[in-house]
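For reference, the chains in residue letters:
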Amino acid sequence: MRHLSIPTLTVLSGLLALTVPAVAQVPVIDSATLSQATQTASNTAAIMDTNQKIMQTVQETLKAVTGNRQTGSIASAALGSGFNMSGAPSLSSILGGQMAWGNLGAFGQVAAGIINGLKLVQSLTGKTGNSLSGTDKAYQGAVNTATALQGMVAGTQSAASSRTSAFQAAGGQIGTAQDIKGSIDQNSQLQVQTGLTVNELIGVMNAANAALNAQQMQELAGQAHAAKVLTYDRTKARLVAP
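A short tour of the structure in this document, coming up. (Residues numbered from 1 in each chain as written. Predicted model: local features only at pLDDT ≥ 70, side-chain atom pairs only at ≥ 80, totals over all residues. Heavy atoms only, no water.)

1. Comments concerning the nonpolar core
Our working definition: We define a nonpolar core as any set of buried Ala, Val, Leu, Ile, Met, Phe, Trp, Tyr and Cys residues linked to one another through side-chain atoms lying within 4.5 Å. Only protein chains enter the accessibility calculation, which uses a 1.4 Å probe; a residue is then buried when its area is under 20% of its type maximum, exposed when over 50%, and partly exposed in between. Two residues form a contact once any of their heavy atoms are found within 4.5 Å.
Residues F83, M85, A88, F107, A148, M152, A154, A159 and A207 constitute the largest nonpolar core, which totals nine residues. When residues no more than four places from it in sequence are discounted, the contact partners of M85 are M152, T156, E200, G203, V204 and A207.

2. Description of the side chain of Q193
Operational definition: Put simply, DSSP H or I for four residues or longer makes a helix, DSSP E for two residues or longer makes a strand, and each gets a number counted from the N terminus. In protein, a polar contact means a hydrogen-donor-capable atom and an acceptor-capable atom, both N or O and within 3.5 Å, with residues adjacent in sequence counting only if both atoms are side-chain atoms; elsewhere, any N or O pair within 3.5 Å suffices.
Relative to the helices and strands, Q193 resides in helix α6 (residues 180-230). A polar atom in the side chain of Q193 sits 2.9 Å from the backbone nitrogen of A78. Excluding anything up to four places from it in sequence, Q193 contacts I74, A75, S76, A77, A78 and F167.

3. Some details on the packing of helix α5 (residues 134-172) against α6
Here is the rule we go by: All axes are obtained by fitting lines to C-alpha atoms, using only the stretch in contact for helices, and the reported angles, taken between N-to-C directions, cover 0 to 180 degrees. In this scheme, roughly parallel covers angles under 35 degrees and roughly antiparallel covers those over 145, while 65 to 115 is roughly perpendicular and the rest are oblique. Note on convention: the crossing is left-handed when the near helix lies turned anticlockwise from the far helix by less than a right angle, right-handed when the turn is clockwise. Three classes are used, and their members are as follows: Ala, Val, Leu, Ile, Met, Phe, Trp, Tyr, Cys and Pro are nonpolar, Asp, Glu, Lys and Arg are charged, and the others, Gly among them, are polar.
Interaxial distance between α5 and α6 falls to 9 Å at its minimum, and their mutual angle equals 165°. Between α5 and α6, the angle is such that the two are roughly antiparallel. Along this stretch, α5 crosses α6, giving a crossing that reads as left-handed. For the contact of α5 with α6, the residue count by class is 15 nonpolar, nine polar and two charged.

4. So, the environment of A106
In this structure, A106 sits in helix α4 (residues 106-117). Spatially, the C-alpha atoms of A106 and A154 are 9.6 Å apart, while their sequence positions differ by 48 residues.

In structure tokens form, the structure reads like this:
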């Protein structure tokens, strides 16, 4: 048997390598897997789009129920042309003697002009200064009360007219809020203005009670003065010849 030499084997190996074609890896497409992957990607995109819409809705809802809202003229609906009963004189100053006008301003001047036009006397007994009797002091309290009530009437009439216009304007804003928070704030503001208006009514009632109190003081002073007149003092009694 004849043996081939090593160079000869090398040459033969090279020739075989040239005659045998090279084999490469060819990708295989699985149609079922591809279809499932495509469907999964589509579902994922749809879920992300839905989540985005949900997030936008949540943000809009949060914005609608938080933050500050402007309530416009509603905030000053109960303020009537600058007049309110908190500016009325103190009831103690009305019944105490010297009149204190508080913050009535022009309305106090109007009241004083009306009372001065009546040309009332300073005292019932004609006394002045520290020698005033109880009847005179009660009379002064009645005059002060009448003056204060005149100023309050003038002020409340002006305030009522202004307040009516303001509340009508506020009523026109109802239903114009763009979201829940704005509607709630409008309702809250109207509740506050209602409370202020009720407080004004309480002040008016207090003024009416002050008028009744002054009347009662006047009557008490008159009764006390009558009692003094009818008191019998024998040391001061004297007989008068016919």
